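Summary of structural features
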Amino acid sequence: MAERRLLVLYGSQTGTAQDTAERIGREAKRRHFQCRVEALDSYDVANLINELLVVFVCATTGQGDPPDNMKVFWRFLFRKNLPPSSLCQMDYAVLGLGDSSYPKFNFVAKKLHKRVLQLGGNPLLPVALGDDQHDLGPDAVIDPWLLALWDKILALYPLPPGLEIISPDVRLPPKYTLHYLAEDSMHPDGGLLQPTAPRAVPSELHPFAARMVSNQRVTAESHFQDVRLIEFDIAGSGITFSAGDVVMIQPQNCPEDVQQFCQLLRLDPDRSFLLKPTEPGTALPALLPQPCTIRHLVTHYLDISCVPRRSFFELLSYFSTNELEREKLQEFSSAQGQEELYSYCNRPRRTTLEALWDFPHTTSAVPPEYLLDLIPRIRPRAFSIASSMLAHPDRIQILVAVVRYKTRLSKPRRGLCSTWLASLNPEQGEVRVPLWVKKGGMKFPADPDTPVIMIGPGTGVAPFRAAIQERVAQGWKGEGRSLEGLEVPLAAGRSVFSTGEGRTGGSGGFGQAPASLWLGGSKLGSGGAQHQSLVCAACVIIHRLCCQAAPWGRAGLCGGSLSSPCEWSWVAEFVFCFARSCASVLVPSSLPWLSCGSPQEAAKGLVEGNSTWGSPCPTRPAPPAFPAHGDLWLPQVTRSQAHTTPEFCGCQLPPAIAGCLFHPALMVCSLQGTACSLAAARNPRTSTARQSGKSW
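Residues numbered from 1 in each chain as written. Predicted model: local features only at pLDDT ≥ 70, side-chain atom pairs only at ≥ 80, totals over all residues. Heavy atoms only, no water.

The chain has the name NADPH-dependent diflavin oxidoreductase 1 in an unreviewed UniProt entry, where Anser brachyrhynchus is given as its organism. Quoted straight from UniProt, the Catalytic activity (unreviewed entry) entry for the chain says "2 oxidized [2Fe-2S]-[protein] + NADPH = 2 reduced [2Fe-2S]-[protein] + NADP(+) + H(+)". (UniProt positions renumbered as here; feature names shortened; annotations may be inferred.)

**Topic: the nonpolar core**
Formed by 39 residues in total, the largest nonpolar core has its most connected members in Phe261, Leu297, Leu302 and Phe313. Those residues within four positions of Phe261 in sequence are excluded, and the remaining contacts are Leu267, Val298, Leu302, Ile304, Leu353, Leu356, Leu371 and Ile375. Ranked by size, the runner-up nonpolar core spans 27 residues in total, among them Ile24, Ala28, Val57 and Leu149. (Core = buried A, V, L, I, M, F, W, Y, C linked by side-chain atoms within 4.5 Å. Buried < 20%, exposed > 50% of the residue type's maximum accessible area, 1.4 Å probe, protein only. Contact = heavy atoms within 4.5 Å.)

**Digging into the packing of aromatic side chains**
Scanning the model with the defined rule gives 10 aromatic pairs in all. Centre to centre, the rings of Phe56 and Phe73 are 6.2 Å apart; their planes meet at 40 degrees, and the pair counts as tilted. Here Phe56 is found in strand E3 (residues 53-59), whereas its partner Phe73 is found in helix H2 (residues 71-77), with 17 residues between them in sequence. Using a relative accessible area of 0% as the deciding quantity, one classes Phe56 as buried. A relative accessible area of 2% places Phe73 in the buried class. Ring pairing ties together the aromatic residues Phe312, Phe313, Phe332 and Tyr344, which thus form one cluster. Here Lys111 stacks its cationic end above the ring of Phe78, 5.1 Å away from the centre of that ring. (Phe/Tyr/Trp six-rings, centres within 6.5 Å; stacked < 30°, edge-to-face > 60°. Helix = DSSP H or I, 4+ residues; strand = E, 2+ residues; numbered from the N terminus. Lys NZ or Arg CZ within 6 Å of the ring centre and 35° of its normal.)

**Things to note about the sheet that holds strand E12 (residues 292-293)**
Pairing within the open sheet is antiparallel, and its 3 strands lie in the order E7-E11-E12. Only two strands of the sheet have a single neighbouring strand rather than two, namely strand E7 (176-180) and E12. Bridge count between strand E11 (residues 272-277) and E12: 2 bridges; the pairing is antiparallel. Opposite Ser272, over in E12, you have Thr293 as the bridge partner. (Pairing = 2+ DSSP bridges.)

**Let's talk about helix H1 (residues 16-30)**
Here H1 is 15 residues long and its end C-alpha atoms lie 22 Å apart, about the 21 Å a rise of 1.5 Å per residue gives. What H1 keeps buried is the set Ala17, Gln18, Asp19, Thr20, Ala21, Arg23, Ile24, Gly25, Glu27, Ala28 and Arg30. Elements that come into contact with the buried residues of H1 comprise strand E1 (5-11), strand E2 (34-39), E3, strand E4 (91-98), helix H4 (139-156) and helix H7 (310-317). Positioned one or two residues after H1, His32 has a phi angle of 65 degrees, which is positive. (Expected span 1.5 Å × (residues − 1).)

Below you can see the structure in the form of structure tokens.
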């Protein structure tokens, strides 16, 4: 009989693919397979040719990109010198997790399936494409696919004589066991937060404990959004970066939540333990010190603030001593109860700690050995770096919008990392934050003479701030104008970002300029998704004023509503002021075809639809062809999907706006999920985006 070994490899960005891979691993153990579950980059890919049975579980991130923990594997697999029969003895299956609202839906899974097939692999099933947009989430695809997968696998590798599939009612042993030490044993000395000099460039497994230099709120106390400009000292770390790169920060749970968790589970937070794997060959968690305290485990490792997944309730149900609680937990873990689970957890963003409060009898019975099986680890958070090494050597600055919002739950929802960072005060004592840097997806033009307009709503301005600092440090002025550029009056009361550092009280670290736009590497910000939508609409119109017409690209750029006349009035006034004041910057000549005499006239004509302001008039000169070359990159639209429906963000456009369309030179890219940022270069032919086919 063939050896019954199964390898499950996953590429996961947010933890969903890892959770699914571990589910497959548990089901394999119930069928008496020797099963390993590993991240793709943790696995020695050179051994892949010896594997007989492999299941790949991989997510797709960004614009068709592989997750961070499978990029090394991805590059190796697509080497051109691999023989076409490399994987001829492998039976494999691929499960993809993605979001069908993106044009490259499950691109990584599809491409991986095709590549393994090219290398001689034998597919057990067609590639499965889990979809977050489905009413039941990716489980709508995963559940039936797994049933078919096990039928195929058991046909090839039957159960050994005398063995049966372990019943789902039987609890599997934990992955690790906790061995408590004597109470007078030494406690771990801080683990992640100790300022040790790294032996190599800091990474996720070996972060650098950077000293926080300052933590300054840059929005007014009356402003709805708390935005922080935070600076770290990275001297001696070996970290280097450029504009557009990203800093990864490892957050921790707040002391109050840690105390509540320990009380719920009746744990002594100061008790020390050693962690040992249940099965030989299982690696210990890399970020946990040995020995470790319960307090350190809960503070730095267990993500008790995340929204619990289906697997959480499945495992929790095994410990329930209360019949009502057990029935509810089993419902949440069943395929039929996923809609109810979504309403309970995902819609109100209920945390793991809050869910444990709702099942007190079960929670108090959870054995400590199962904590690492029950609760996922805290994942690092990414922030665009908002400073330049040329301007601030040995320093990293970030802009952090503190996440706080309401759901139907009485307690406001708070972001784990942003709330933790905002709570740190370096003036009250030394503060250390574990971090490392990775390359970002945004690449600015290498030629400093390339004029750039940069518009980033909210903290999306962070990488633009870094780019401006870099150019200023290089002494670039640009056609006789400094990077501080022009100041354009706007409607009173609108808050936008400027590059002037001398102003106070503004958002995003650029100072508040309550009625101004600054050009020449310009910045624009606006609070809330609705206002960000207005900004995006204005960007489209501005570009249309300076460019030839092109098909309207319909994309879900942001979630705001653009329906009321007063909002469109502001867009009209903004665009009018921009075009009138900045025509000499954008094009060689002025815009004689912009005939309105005032912003109010432009707004009235735009909203009421009785003016030709929004599109070229036959009696006026045609707009100049600027720029004449380029390509169109949008986060959620492909060229084949572009059409001329006069809608923006799902809302009907006023009549005069329908002619204000995207130009092919328009480049749009998403910045860390904060909002949409738009950038357009005067000569796209010289930009890296033109050459690589990606937004820079």
